[in-house]
Amino acid sequence: MRATTIHAPFDMRVTDVPEPIVQLPTDAVVRVLRACICGSDLWAYRGEAARQPGQRIGHEFLGVVEETGSAVGTLRRGDLVVAPFMWSDGTCEYCAEGLTTSCVHGGFWGSVGYDGGQGEAVRVPFADGTLVKLPGEAASDDHLLTGLLTLSDVLGTGHHAALGAGARPGATVAVVGDGAVGLCAVLAAKRLGAERIIALGRHEARTDIARRFGATDVVAARGEEAVAAVRELTRGQGAHAVVEAVGTEQSMSTAVNITRDGGAIGFVGVPHGSGTGLDLSVMFDRNIALRGGVAPVRTYIPELLPDVLNGTIDPSPVFDMTVDIEGVPDGYRAMDERTALKVLITNA
C-alpha cells in the first residue's frame, strides 16, 4: 500500500509499505478514508523534531474497519470509525480518569515501528479503547466526513484549551494563534457560551474563519501592540480566559499579559523555543492559573460528536486545501509556506 514517509528535513515521500495486519488480539486494521496534515507535523518536516529516515507520519484519520483481532468486542468489519491522535487501552487508571494521553499502554501514530495516519491503512492497537464508531451513513456525506475528521485532533484540542482557560457563559475569551487549533478554540469557546471572543491573528483568511466560528473581535498585532489592543477592548483588565495555541515564548508571554487578574490560560501549543515566556512571580501576584497540555481527545469525542453530526458546530472550514495520497508532499510545502491553513488528504 501507499503511505507517507519522512526521510530528512523537507524530504517527504509517498512510498510502498507493507499492508498492515492484525498482530495482537486487541488490534484492528482501518482502511483510511480521510486524513490530514497537522501543524505539529511541520516540526518534523523542518527538522526541528527528530525522525528516523523512512519513518511513518500522520496522526489524524478516520476510515472503515477492515479486520479485527479476536479480542475486539465493540467493532466489526465495515464500521466507520475515527481515531484520536493517540491510541489508548481504555482500561488503565489514567483512561478511567479521562486522561487517555497518559495511558500506560498508549502511543502516538507514526512512532517508530507503528503506522502513521497519512497512508492507505493503519494497524490500530487497543481498538476497543481507541476507536470511536461513527454513523455509517456519514461515509457518503463528504462535508460531514470532513467535519468528523477534526474530532481526531484539532477540534478536541481546541476544546481542551477552552476548558483549561475556563471559557464559560458571560466570559471574555482571547485566543492567541490563528492556526487550525486556535480557530477550533474559538469555535469551542462559542459552544461553551463565551460572551466575547477576541481572536489574535494577522492573516485575514484565517481571521475571517475565526469570525465565522464566533469571534466578536480580531486583533491583528503581536507583542506589546497586541497586549495594548486587548487591554483596550477589555477596559484595561484583560480576558477572563486566554487560549495559547502557538507554543512560542512570545505567544505565552502575550497570553500572560492579556489575562485578567484571577483568570486562566489554557495552553495547547506544542512548546518550542528558548524559553517558556512565563514569569511565575507575575502569575502569582495576579492569581493567574495555567492549565492544558496534550489534549485527551478520546475523552472528548463522545461529547463533541453529536454537535458535529447535527450541525450545531461545523469545524470543516479549517481545511482549505485537499490532496490525494500522492499529493501529500505538496500539502506539506503549502502548510510550511503558509499558503494553506490545514490540508485534507482523501483516499476515497
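This one's a predicted model, so the numbers in the text were calculated from it and none came from an experiment.

J.: Which parts of the structure should I look at to understand the overall build of the protein?
T.: A count of helices and strands for the protein gives 12 helices and 18 strands. For the protein, the C-alpha radius of gyration of 20 Å lies close to 20 Å, the compact-globule estimate for 348 residues. Based on the C-alpha atoms only, the size of the protein along its principal axes is roughly 60 × 40 × 35 Å. Taking all 348 residues of the protein together, the buried fraction comes to 56%. Excluding contacts between residues fewer than 6 apart, the proportion of contacts in the protein whose partners are at least 24 apart in sequence is 70%.

J.: For this particular structure, what's the right way to read the pairing of strand S3 (residues 28–36)?
T.: Each regular strand carries side chains that alternate between the two faces of the sheet. The element S3 is largely enclosed, with a buried count of eight among its nine residues. Pairing of S3 with strand S5 (residues 61–68), which is carried by seven bridges, proceeds in the antiparallel orientation. Across the sheet, Arg 34 pairs through a bridge with Leu 62, a residue of S5. Pairing analysis gives four bridges linking S3 to strand S9 (residues 121–124), with the strands arranged antiparallel. Paired with Arg 31 across the bridge in S9 is Ala 121.

J.: Would you mind going over a nonpolar patch on the surface with me for this structure?
T.: Taken together, the side chains of Tyr 94, Leu 99 and Val 104 make up a nonpolar region of the molecular surface, amounting to roughly 260 Å² of accessible area. Looking at the element boundaries, Tyr 94 is found in helix H2 (residues 93–96).

J.: Help me understand the sheet that holds strand S14 (residues 239–244), please; the structure alone is not making it clear to me.
T.: Sheets are built from strands that pair by backbone hydrogen bonding, the pairs being arranged parallel or antiparallel. Reading across the sheet, the six strands line up as S13-S12-S11-S14-S15-S16 and stay open at both edges, with parallel pairing between neighbours. A strand with exactly one partner marks an edge of an open sheet, and here the two such strands are strand S13 (217–219) and strand S16 (289–292). Shown here is a sheet whose adjacent strand axes are inclined to one another by a mean of 20°, direction ignored. Relative to strand S12 (residues 196–200), strand S11 (residues 172–176) runs parallel, the two sharing five bridges. Directly across from Thr 172, in S12, lies its bridge partner Arg 196.

J.: What is the right way to look at unusual backbone geometry in this model?
T.: Trans peptide bonds make up most of the peptide bonds, and negative phi angles are found at most residues other than glycine. Look at Asn 287: it is not a glycine, yet its phi comes out positive at around 55°. In this fold, Asn 287 is placed in the loop between helix H10 (280–285) and S16.

J.: I'm lost on the pattern of salt bridges in this one. Help?
T.: Side-chain pairs of opposite charge can arise where the charged atoms are in close proximity. Under the defined criterion, the tally for this structure stands at 18 salt bridges. For Arg 123, the salt bridge is made with Asp 27, and the minimal N-O distance between the two is 2.7 Å. With Arg 123 in strand S9 and Asp 27 in the loop between strand S2 (11–16) and S3, this residue pair connects regions lying 96 residues apart in the sequence. An identical accessibility class is assigned to Arg 123 and Asp 27; each is buried. A salt bridge links Arg 31 to Glu 66; the shortest N-O distance between them is 2.9 Å. With Arg 31 in strand S3 and Glu 66 in strand S5, this residue pair connects regions lying 35 residues apart in the sequence. Residue Arg 31 is classed as partly exposed on the basis of its relative accessible area, which comes to 24%. By sharing partners, the salt bridges in this structure join Arg 2, Asp 16 and Glu 326 into a single network.

J.: Explanation requested: the side chain of Thr 150 in the structure shown.
T.: Its place among the elements puts Thr 150 in the loop between helix H4 (142–149) and helix H5 (154–165). Once residues within four sequence positions are removed from consideration, Thr 150 is found in contact with Leu 155, Gly 156, Pro 315, Val 318 and Phe 319.

J.: So what exactly am I meant to see when it comes to H4 here?
T.: Every α-helical turn comprises 3.6 residues, leaving residues that sit three or four positions apart pointing alike. Across the eight residues of H4, six count as buried, placing the element largely inside the fold. All buried positions along H4 are accounted for by Leu 144, Leu 145, Thr 146, Gly 147, Leu 148 and Leu 149. Residues of H4 that are buried sit in contact with S3, S5, strand S6 (80–83), strand S10 (132–134), helix H11 (297–309) and strand S18 (343–346).

J.: What is the right way to look at the state of the cysteines in this model?
T.: Linking two cysteines covalently via their sulfur atoms produces the bond known as a disulfide. Scanning the model with the defined rule gives zero disulfides in all. Counting only cysteine sulfurs, Cys 38 is the nearest neighbor of Cys 36, a cysteine outside any disulfide, at a range of 7.3 Å. Cys 92 takes part in no disulfide bond, and the closest cysteine sulfur, belonging to Cys 95, lies 3.7 Å away. Exposure remark for Cys 92: the relative accessible area of 10% places this residue in the buried category.

J.: Sorry, what's going on with the environment of Gly 54 here?
T.: Residue placement: Gly 54 occurs in the loop between helix H1 (41–45) and strand S4 (55–56). Look at Gly 54 and you get partly exposed, because its relative accessible area is 33%. Residues Gly 54 and Leu 131 lie 77 residues apart in sequence; the distance between their C-alpha atoms is 26 Å. Apart from the residues lying within four places of it in its own chain, the contact partners of Gly 54 are Thr 5, Ile 6 and His 7.

Conventions and cut-offs
- Residues numbered from 1 in each chain as written.
- Predicted model: local features only at pLDDT ≥ 70, side-chain atom pairs only at ≥ 80, totals over all residues.
- Heavy atoms only, no water.
- Helix = DSSP H or I, 4+ residues; strand = E, 2+ residues; numbered from the N terminus.
- Rg over C-alpha atoms; globule rule 2.2 N^0.38 Å.
- Buried < 20%, exposed > 50% of the residue type's maximum accessible area, 1.4 Å probe, protein only.
- Contact = heavy atoms within 4.5 Å.
- Pairing = 2+ DSSP bridges.
- Patch = residues over 30% accessible without salt bridge, like charges linked within 9 Å, V, L, I, M, F, W, Y side chains within 5 Å.
- Areas by Shrake-Rupley, 256 points an atom, 1.4 Å probe, with all protein chains shown as cover.
- Salt bridge = Lys/Arg side-chain N within 4 Å of Asp/Glu carboxyl O.
- Axes fitted to C-alpha atoms, helices over the stretch in contact; angles between N-to-C directions.
- Disulfide = S-S within 2.5 Å.

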